[in-house]
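# Residue-level structure breakdown
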Amino acid sequence: MSASSSARIGRIVSLLPDRASAGAWWPGGREEILIGALLTQQTRWESVERALGLLREAGCCSLAGIHTRKQEDLERLIRCTGFFRQKAERLKELSAHILSTYGGIGGMECRSTEDLRRDLLSLRGIGEETADSMLCYGLGRPSFVVDAYTERICRCAGVAAPRKALKGEFEAALPCDAGVYREVHARIVEYAKTWCAGKRCGECRIRNSDG
DNA sequence: GACCAGGTCCTTG
DNA sequence: CAAGGACATGGT
């Protein structure tokens, strides 16, 4: 990890505008956030909100609710998020695992972030991004989330590195704080949604700034 | 109709 | 280890 990579990351962060919306960028209780983190894979957030709403109405937007409900019902409720068969199955596996291993989400509090991350990654359907989203947004742990937008913004800024490396670089460049990580990640996504897609990409201030 | 979305897993070379 | 396909719906 060179000093210059940390500086490059710092420059990217400094160029990100404040979020347009105030308040929590990823709303919901801890369990809903874990559920949403899985549902949001390769899917628009609007679809995830729709599915979370349906789960709430059905009274199963919780680990216990997911655990109890028939897989077939879950598939119907989360259908709009795509990959609904896998996701329903994986939500059930996640819920069963947390309930049996920790006795509930509260039982995760006394474990180290490293242990929790390793544990989440051992579950099917939970890769690095999803695990970090769960840790950072759901459990308040300082584990920086690197997603497709982060990778894209960094590449545009001349920082071409695999996601795993980018995670380390952001964590080295930022204070170790879950709130800071959440805010930076949120800004990256909000910025990228507007400026890193379609024809506006050419106007991107990050792409056009010199390192 | 093509292409993409806040990925992950499994199979091949 | 890199590359490619599968998983699936919904919006532009």
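Residues numbered from 1 in each chain as written. Chains lettered and ligands numbered in written order. Predicted model: local features only at pLDDT ≥ 70, side-chain atom pairs only at ≥ 80, totals over all residues.

### Focus: the overall build of chain A
The helix and strand tally for chain A stands at 11 helices and 0 strands. In terms of overall dimensions, chain A is globule-like: its C-alpha atoms have a radius of gyration of 18 Å, near the 17 Å expected for 211 residues. Oriented by its inertia axes, the alpha-carbon framework of chain A measures out at about 55 × 40 × 30 Å. Out of the 211 residues belonging to chain A, those deemed buried represent 31%. Across chain A, contacts joining residues at least 24 apart in sequence account for 65% of those joining residues at least 6 apart. (Helix = DSSP H or I, 4+ residues; strand = E, 2+ residues; numbered from the N terminus. Rg over C-alpha atoms; globule rule 2.2 N^0.38 Å. Buried ≥ 20, exposed ≤ 12 C-beta atoms within 10 Å, placed from the backbone. Contact = placed C-beta atoms within 7 Å.)

### With respect to the protein's contact with DNA strand B
The environment of DNA strand B is made up of 23 residues, and the closest members are Gln41, Gly127, Glu129, Thr130 and Ala148. Residue assignment for the surface near DNA strand B shows that the elements contributing at least two residues are α8 (128–138), α9 (148–156) and α11 (178–195). For the surface near DNA strand B, the element with the highest residue contribution is α8, accounting for 4 residues. (Near = placed C-beta within 6 Å.)

### Some words on the domain arrangement of chain A
On domain assignment, one finds that chain A holds domain 1 (3–16 + 146–203) and domain 2 (30–138). Here domain 1 and domain 2 have C-alpha centroids that lie 25 Å from each other. Facing 6 residues of domain 1, the contacting portion of domain 2 comprises 4 residues. Top contributing element to the side of domain 1 that touches domain 2 by residue count: α11, with 3 residues. (Domains from an automatic or database assignment.)

### A few points about unusual backbone geometry
The phi angle at Gln42 is positive, at roughly 55°, despite the residue not being glycine. When you line up the elements, Gln42 lands in the loop between α2 (30–39) and α3 (45–57). Look at Gln42 and you get exposed, because 8 C-beta atoms sit within 10 Å. A positive phi is found at Phe83, a non-glycine position, where the angle reads about 45°.

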